[in-house]
Structure formats: structure tokens, C-alpha cells
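Observations on the model geometry
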Amino acid sequence: MKRTGTKRIGVVGAGMMASWHVERWLDLQRLGIAGRGHPVQIAGIFDKNQQRAAELANTYTCPAFTELDGLLAACDIVDVCTPTDQHADVVVSAARVGKDVICEKPMARSLQDAQRMADVCEQAGVRLFIAHVVRFFSQYEGAKAALDAGKLGSPGVIRLSRGGSFPGRWYGDYARAGGVILDLSIHDLDMARWCFGEVTQVFARGLTFDNIPECDHVIINLQFESGALGHVSGSWAYPAGKFVTALEVAGSDGIYEWNGFAPDPVLGSFDAGSDLTSVMNDMASPLAPEDDPYSKELAHALDCITTGAPFRVEPADALATLKLALAATASVKQGTPIRLSEFSPSAADVLDTKVLA
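Being a predicted model, the structure only gives us computed values, none of them experimental.

**Details of the pairing of strand β6 (residues 128-131)**
Of the two faces of β6, both are covered, the one formed by Leu128 and Ile130 as well as the one formed by Phe129 and Ala131. Of the pairings in the sheet, the one linking strand β5 (residues 100-104) to β6 comprises 4 bridges and is parallel in character. Among the inter-strand pairings, Ile102 is bridged to a residue of β6, identified as Phe129. Taken together, β5, helix α5 (residues 111-124) and β6 constitute a β-α-β crossover, and its handedness is right-handed.

This is how it looks when you write it as C-alpha cells:
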């Protein structure tokens, strides 16, 4: 039975992303802004590495669980922050005992696992939110708002870039993480779909299969059903401590630009009389805690779970973005364009690089 008062959050995973989520949940609890006033509390943390779970739980003064079943019994909502290849089993286990789920991106390591997650959640009558956080960054929300308001006219070209240093650890295991496309560029592929709609063809070149994960780099070209074009670049080859992002959306009537490291990061050129100038100036200001994109994302998910409202990212959206990322990966391996209508990878295709040769 779902509780109607305090929502107890059970966090699965004890790595960097789990700590970020726990901190945001605690911020929302402190600010009292989560879920339209519904209070939250951290029910506990589970990780297969019990020592790491205990250390994170001790940091935030909450229980550590030695078994997943124990955590599931103690919470109302499961927040999945494990490595990508573990998402499906955790989400399915949670859904089968009636728990709503928030799951980090990418949805899963394969389309088969992602579809299983969506199907089991639907059958169990629980909600599943996939945390594509870029949709909650104010600068990217601004681009989407400009498009939806018609300020840019007909969509023409979208360019997105994202790069940083190699995150290390399990990210270097292609079978688990899927390389820079599936872990990093999937943010921008999701943003491209959100803004411009469905993609018909993808062509990508990169280093994912050169056995140098610390230098993985990709350039992805997209063709949309509307005839618009997309260009996405992603990289793990930057020096330690450096992270860069940029966005440009061009239409028949204007251009919206965001560069996180420019002196004036948000720029635009619109028809006379545009009312977006004040909005863009606000975006360049320091964020209040409640405007942090991770906090906004979790508050949104909790609000939708509480009220039954639709998610900004429904499972079908996350599935489509995952398919696009896997198609881009296949394009890198094969050296040819991939038509999305003809692309249907098996589990082996995405886990065994030899199959894509």
C-alpha cells in the first residue's frame, strides 16, 4: 500500500551519483518544496558493496541495508543510482513489490532490458521516471521554451557538445557502460529529440572501439523527420577537472546559444519584440538551491508520482533515446549511417563488439 504522507526514499547505489541524489533529497526536505509539500525522508541506502553503502549512509546519517529486499520493504520510492548494467534488475525487483521508481540515465544497457523495465512497471501499476537531467537545466529549458513559443521559427539545426575527463572505474568497461555515447552524449541526444522530434538517420565517427576509453570521443550527425539537422559531439578526452557544454538551436527566425564557459553564456537573436531577454538574463544568475537541475528533476519526479501528472521524461522517451544512442554506437563500429527504422539491436549487438564488426 502506498503511503500518502511522508515519502520514504530508498537509494540503490553508493557512488558519486547516489551521493548527489541523497544531497538533493535532503535539500528538498530542508526547503520543504518537494512534491507540492509532501515531505520526504531517506529510508536508507543499499549497495552490493556493503562497506561503501555503510560509509555513504554514515555520511548522511541514514540506515545502510545489506539486502535489496530490506531496503524495498522500508521505502515508498526507489531511486536507482547503480552502474548502467544493473538498472534493469533493480527496477524490475522494485516494481514487482509495488514501488515507484526513479532511475538514472541511460535507462538500461540494452533495449531488451529497457523494454522489460517499462513492461514490468506498467504491469505492476507503478511509475517509472528516467533521470535525463539536462531537460531540467534552465539554459536547456530556455531553448525548448523558445522553440515552443515560436520565437525561433521552423527548426533548422541543433548543435550540442559535452566533454570532460574520463570518469574512470567501471566506465572503461564497454560491456557495462557503453562508452562515451551511452553515458555522456545520451544527454544531448535526448535534448535533440526533445527539441526537434524523432530522428530518421544517424551517422557517427569516434574512438569507442579503439580500446582507449580514457580518450573516447565521438561526433554524431542526425537527420530528423522534419528535415532538420543535428550535430552532437562528446568527449572523455579533456584534462582532469575540465568539463564543457554548449548548445545552439537555429531556426528560420532566430538562434539560441548557450556556452557554459563564455563571458556571456546565454545569447540569442530573435525577431524584434522578443520577451526572452529577461529570461535569458535570469539564466546567467547563480542558482538558488531549489533551481539546481538535480533538485528540480527529483522534485518533478516526486510531484508526478504524488499527483499522477505525466513525467517530463516518460519511459517511451527514454527508450527512444536509448535506441538512438545504440544506433550511433553501431554507426561508429560499422562506419556507415544507420536508419532508425531499420535498427533493432539484440542484446548481443550492444554487449559484444565483435557482432558489430
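Here the narrative resumes.
**What about the pattern of salt bridges?**
One pass over the structure, following the stated rule, counts 16 salt bridges. A salt bridge links Glu23 to Arg24; its shortest N-O distance comes to 3.8 Å. Taking the shortest distance from any N to any O, the salt bridge between Glu248 and Arg159 comes out at 2.4 Å. Placement of Glu248 in strand β11 (residues 243-251) and of Arg159 in strand β7 (residues 155-164) is noted, with a sequence separation of 89 residues between them. Taking relative accessible area as the criterion, Arg159 reaches 39% and is therefore assigned partly exposed. Among the charged side chains, a salt-bridge network with shared partners connects Glu23, Arg24 and Asp292.

**A closer look at helix α6 (residues 138-148)**
When you tally the buried positions in α6, you get 8 out of 11 residues, the bulk of the element. Among the residues trailing α6, Gly150 stands out with phi positive, at a value near 80°.

**Focus on the confidence of the model for the protein**
This prediction gives the protein a mean pLDDT of 89; 85% of its residues lie at or above 70. In this model residues 271-286 is a low-confidence stretch, pLDDT under 50, and it forms 17 contacts with partners more than four residues away in sequence or in other chains. A low-confidence stretch, residues 353-357 (pLDDT under 50), is modelled with 12 contacts involving residues beyond four sequence positions or located in other chains.

The rules behind these values
- Here the residue numbers are simple positions, counted from 1 along each chain's written sequence.
- In view of the model being predicted, local features appear only for residues whose pLDDT reaches at least 70, and side-chain atom pairs are presented and counted only at 80 or more, with totals across whole chains, interfaces and linings using the full set of residues.
- The side-chain figures draw on all heavy atoms in the structure; neither hydrogens nor water molecules are used.
- Throughout, exposure labels follow a simple rule: accessible area from a 1.4 Å probe, protein chains only, divided by the maximum for the residue type, with under 20% read as buried, over 50% as exposed, and the rest as partly exposed.
- A helix here means a DSSP run of H or I that spans at least four residues, while a strand means a run of E at least two residues long, and both kinds are numbered starting from the N terminus.
- Two strands pair under a simple rule: DSSP has to find at least two bridges between them.
- When the strands point away from the viewer, a crossover counts as right-handed if the route from the first strand across the helix to the second turns clockwise.
- Here, a salt bridge means any Lys or Arg side-chain nitrogen found within 4 Å of an Asp or Glu carboxyl oxygen.
- The predictor attaches a confidence to each residue, called pLDDT, with possible values from 0 through 100.
- Contact definition: two residues touch when any of their heavy atoms are within 4.5 Å.

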